[in-house]
Amino acid sequence: SDARLGEQIDALEQKLEAKADVKKIDDIALFIKFPISGNSWYRIFVMNSTAAAIAKGSGDLSADLVIKRSYNNSNNEHHSISLKAVYTKAEFINENSVSNTLLVDKIRMVVANTSSYIDIHVNNSAYNEICAYLLFPNIAFKGISAPWKEMPNSVVPLVPETATGEEVVATYTFSANRTIESRLKALEAKAGI
């Protein structure tokens, strides 16, 4: 009967809806933009958890970042880098870096108690702004509902090189113009090709 068929369709739709994990666009990317006020470390993203092991990456805190620096009106520095933080092993993998002048020279993941942070280091402050995108900040293991977020109140604090109670679990030093072609040439040279 039509009533029975309707019930079966409703039951099937409920099963499909239960399996779907639909994310709003604002759950897929974070964006921040801020002026550079000095040669320092800038804390740009935070993840607060319930345990120190989670903060170090006992699940999956991986994310992809795009960092752009602008001087006056042009974006003349660009870095695409991935943070792979899985089961307490964390590392940054640089996809590419292109710059006229390299000012964003380092990135790191720092852990303090039950919080993780992503910091970038800028080695100059003249007339510059930073734009940073963090892609897939909320896709993580089930113990964390929304791991990576922008800093509270949209404030990007300057932080010291080292601080009591903080541990750097991953770091990367950028080099100017690390393109796919330059990566390929370096791999070929290493392999003797």
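Computed from a predicted structure; not experimentally measured. (Residues numbered from 1 in each chain as written. Predicted model: local features only at pLDDT ≥ 70, side-chain atom pairs only at ≥ 80, totals over all residues. Heavy atoms only, no water.)

Describing the pairing of strand S7 (residues 115–122)
Part 1 of the reasoning: A large share of S7 lies buried, amounting to 8 of its 8 residues.
Part 2 of the reasoning: Residues Ser115, Tyr117, Asp119 and His121 of S7 are buried on one face, and the alternating residues Ser116, Ile118, Ile120 and Val122, pointing to the opposite face, are buried as well.
Part 3 of the reasoning: As paired strands, strand S2 (residues 40–48) and S7 are joined by 8 bridges and run antiparallel to one another. What sits directly across from methionine 47, in S7, is serine 116.
Part 4 of the reasoning: Here 8 bridges tie strand S6 (residues 104–112) to S7, and the two strands are oriented antiparallel to one another. (Buried < 20%, exposed > 50% of the residue type's maximum accessible area, 1.4 Å probe, protein only. Helix = DSSP H or I, 4+ residues; strand = E, 2+ residues; numbered from the N terminus. Pairing = 2+ DSSP bridges.)

Topic: the packing of aromatic side chains
Part 1 of the reasoning: Tallying each qualifying case throughout the model produces 3 aromatic pairs.
Part 2 of the reasoning: Taking 5.6 Å as the distance between ring centres and 35° as the angle between the ring planes, the aromatic pair formed by phenylalanine 34 and tyrosine 42 counts as tilted.
Part 3 of the reasoning: Judged by its relative accessible area of 1%, tyrosine 42 is buried.
Part 4 of the reasoning: Ring centres of tyrosine 172 and phenylalanine 174 lie 5.5 Å apart, and the angle between their planes is 70°; this geometry places the pair in the edge-to-face category. (Phe/Tyr/Trp six-rings, centres within 6.5 Å; stacked < 30°, edge-to-face > 60°.)

Here's the deal with the side chain of aspartate 119
Part 1 of the reasoning: Examined against the element boundaries, aspartate 119 turns out to sit in strand S7.
Part 2 of the reasoning: Polar contacts involving the side chain of aspartate 119 include one to the side chain of arginine 43, which spans 2.8 Å.
Part 3 of the reasoning: Those residues in contact with aspartate 119 that lie beyond four places of it in its chain are Trp41, Tyr42, Arg43, Lys106, Ile107, Arg108, Val110 and Val159. (Polar contact = N/O pair within 3.5 Å; in protein donor to acceptor, adjacent residues only side chain to side chain. Contact = heavy atoms within 4.5 Å.)

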